[in-house]
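# Inside the fold
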Amino acid sequence: MKKVSIVVPAYNAETTIGRCLNSILSQSFTEYEVIIINDGSTDNTLKICKNYTGLDNRFSVFTVKNGGVSNARNIGVEKASGKFLTFVDSDDMIHPDYLKEMVTAAEKYKTDLAISDLVFIDFGRPENRIVLTGKSYISKIPVVLTREEFKKKTMELIWKTSLLESGCGKLVRLGLWKKYHIKLDNALSLGEDFSANLEYYRHINSVVFLNKPLYYYENIDNSDSLSHKYRQDVFEIRMKLVDNLKDYLGDIEKLPKKEKECFYNYVTAYGINSLESVINTRRYQGYRERLGEIEKIVNNDLFRDALSRATYIKNRSWKSLILDRNIKKLASERPKLKRGEKTGTWKNRMARRAMRFYFCDIKKNHRRGEEVDKKLSTVGIKNTLKDRLRGDK
């Protein structure tokens, strides 16, 4: 039995799957199996994956009918047999010491969960990156929290590090995951990993934060992934995730003051981010359609209650506009094309604006992210990119 099972869901990933699998092949820790779930790809993804299964018997690929990333991950977990489990997306990469560091920490401190920092990066421009880290909140490196300590600080960790939501950059115990029949929700197209994480957090004995940037998450402005598109159901999905979070936390009014403050700030950020996306997007053909979407968000009771209690809001003038339900004024906040600016450039500018909001500078109140130090090592990235070109042929 291999010590670690790596599940890689892949759908039409011919341009990125090579660098992802090369980063796994480059691991200094070798006791692992790689389970690739080809989610009904129509490009050369399967052909590329088969090259790796022929190269290394630790790699296996299974083709299933397209059912989405949650379904693919669930199938991968069913086929996994390791002591530990980790997910790696087909367009991401992991540091050469990712498995070594994560397994060592989990075994040394006897925890059920190990978490690394996440690096948001455009692999075409690796100098432009943002790291989500626990260092700004957790001083010890690494730090271990018992389940009780973790539960008492969950909202602070979510709000101040943003490390708990993603399914990436985490090592869990496969036996515990399967014991409680944890599944990613196929009905959710966004945030499905956060809901599964919350269910797993209920059963852990302790968690270790490594505070090391070991997982590289692809983030490019013009990405077609769901996480970069605006969809009309995104606000409803986010509120459903908040409901799942409330179920995990229990009675919000009974939480410590700091936890309550972080919860209301978190919900407010979700609402403001959704509202800003509606105002900025160019997908609406009619003015009334835009107004209707804004009205839906502004009239949400949970968002309004959180906004009235939040200690952070990016645009303070919006607070009074939202609470006063001044929908037409909010709609007029939509930015215009600059002189000579093409639509594609406009979209990129809006994407960058959204990213600045969601992962703003650490000097500001909203500490959702932290600029990566210029000296942050990118060991393995450049070489792996070169290897990818060879591997994808």
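Coordinates for the structure precede this section.
Residues numbered from 1 in each chain as written. Predicted model: local features only at pLDDT ≥ 70, side-chain atom pairs only at ≥ 80, totals over all residues. Heavy atoms only, no water.

### Here we look at the overall build of the protein chain
Using the following cut-off: Secondary structure elements follow DSSP: runs of H or I no shorter than four residues count as helices, runs of E no shorter than two count as strands, and numbering proceeds from the N terminus. Exposure is judged per residue with a 1.4 Å probe applied to protein chains only, and the accessible area is read against the type maximum: over 50% gives exposed, under 20% gives buried, and values in between give partly exposed. Every accessible area reported is derived by Shrake-Rupley at a probe size of 1.4 Å, with residue values counting cover from the shown protein chains alone.
Helix and strand content of the protein chain: 16 helices and eleven strands. A total of 393 residues make up the protein chain; the buried ones form 54% of that total. Of the accessible surface of the protein chain, which amounts to about 18,100 Å², a share of 48% is contributed by carbon and sulfur atoms.

### Details of the pattern of salt bridges
Keep this limit in mind: The salt bridge criterion pairs a side-chain nitrogen of Lys or Arg with a carboxyl oxygen of Asp or Glu, the two atoms within 4 Å.
For the structure shown, the criterion picks out 17 salt bridges. Between Lys-296 and Glu-236 there is a salt bridge; the shortest N-O distance is 2.6 Å. Linking Lys-296 in helix α11 (residues 287-298) with Glu-236 in helix α9 (residues 234-249), this pair joins segments that are 60 residues apart in sequence. On the accessibility criterion, Glu-236 (36% relative accessible area) is partly exposed. Residues participating in the shared-partner salt-bridge network are Glu-253, Lys-260, Asp-305 and Arg-309.

### Brief notes about the environment of His-181
Examined against the element boundaries, His-181 turns out to sit in the loop between α7 (174-179) and α8 (192-201). In this structure the C-alpha to C-alpha distance between His-181 and Glu-199, which are 18 residues apart in sequence, comes to 9.7 Å.

### A look at the side chain of Glu-165
Short version of the rule: Think of a polar contact as two N or O atoms within 3.5 Å of one another; within protein, one of them needs to be a possible hydrogen donor and the other a possible acceptor, and neighboring residues in sequence only count if both atoms come from side chains.
Within the element layout of this structure, Glu-165 appears in the loop between α6 (154-161) and β9 (170-173). Engagement of the side chain of Glu-165 in a polar contact is seen with the side chain of Tyr-266, the distance being 2.6 Å.

### Some details on the packing of aromatic side chains
Let me state the cut-off plainly: Each Phe, Tyr or Trp ring (for Trp, its six-membered ring) is paired with any other whose centre lies within 6.5 Å, and the angle between the two planes then decides the class: stacked below 30 degrees, edge-to-face above 60, tilted in between. Whether a charge sits over a ring comes down to the Lys NZ or Arg CZ being within 6 Å of the ring centre and within 35 degrees of the ring normal.
This model, assessed by the stated rule, comprises ten aromatic pairs. Considering the side-chain rings of Phe-263 and Tyr-264, the 5.5 Å spacing of their centres and the 70° angle between planes classify their relative orientation as edge-to-face. Judged by relative accessible area, which is 7%, Tyr-264 ranks as buried. Through successive ring pairs, a cluster of aromatic residues spans Phe-87, Trp-177 and Tyr-200. Over the aromatic face of Phe-87 sits the side chain of Arg-73, whose NZ or CZ is 5.1 Å from the ring centroid.

### Some thoughts on the pairing of strand β8 (residues 143-146)
Worth spelling out the cut-off: Here, a strand pair is defined by DSSP locating no fewer than two bridges between the strands.
Residues of β8 alternate between two faces, with Val-143 and Leu-145 buried on one and Val-144 and Thr-146 left unburied on the opposite face. In the sheet, β8 pairs with strand β10 (residues 206-218) via four bridges, with the strands oriented antiparallel. The residue bridging Thr-146 from the neighbouring strand is Ser-206, located in β10.

### Side note on the nonpolar core
As a reminder, the rule being used: In this description, a nonpolar core means a group of buried Ala, Val, Leu, Ile, Met, Phe, Trp, Tyr and Cys residues linked to one another through side-chain atoms lying within 4.5 Å. We call two residues in contact when some of their heavy atoms are within 4.5 Å.
Counting 112 residues, the largest nonpolar core has Phe-150, Trp-177 and Phe-209 as its most contacted members. Element by element, the count of residues in this core is highest for helix α10 (residues 257-280), at eleven residues. If near-sequence neighbours (up to four positions away) are discounted, Trp-177 is found in contact with Val-77, Leu-85, Phe-87, Val-172, Ile-182, Leu-184, Ala-196 and Tyr-200.

### Side note on the state of the cysteines
In plain terms, the rule: In this description, a disulfide is simply a cysteine sulfur pair whose atoms lie within 2.5 Å.
Evaluated as defined, the whole model comprises zero disulfides. This cysteine, Cys-20, is not joined by any disulfide, and Cys-49 carries the nearest cysteine sulfur, 8.9 Å off. Residue class for Cys-20 comes out buried when judged on its relative accessible area of 0%.

### Observations concerning unusual backbone geometry
One non-glycine residue with positive phi stands out, namely Asn-12, at about 45°. Along the chain, Asn-12 falls in the loop between β1 (4-10) and α1 (17-25). According to the relative accessible area criterion, Asn-12 is partly exposed, its value standing at 30%. Of note in the backbone geometry, Lys-110 takes a positive phi value of approximately 55° without being a glycine. When you line up the elements, Lys-110 lands in the loop between α4 (98-108) and β6 (113-122). Under the relative-accessibility criterion, Lys-110 is labelled exposed at 60%.

### Some details on the pairing of strand β4 (residues 84-87)
Because side chains alternate across β4, one face comprises the buried residues Phe-84 and Thr-86, and the other comprises Leu-85 and Phe-87, equally buried. Bridge count for β1 against β4 is four bridges, and the pairing is parallel. Of the residues in β4, the one forming a bridge with Val-7 is Phe-87.

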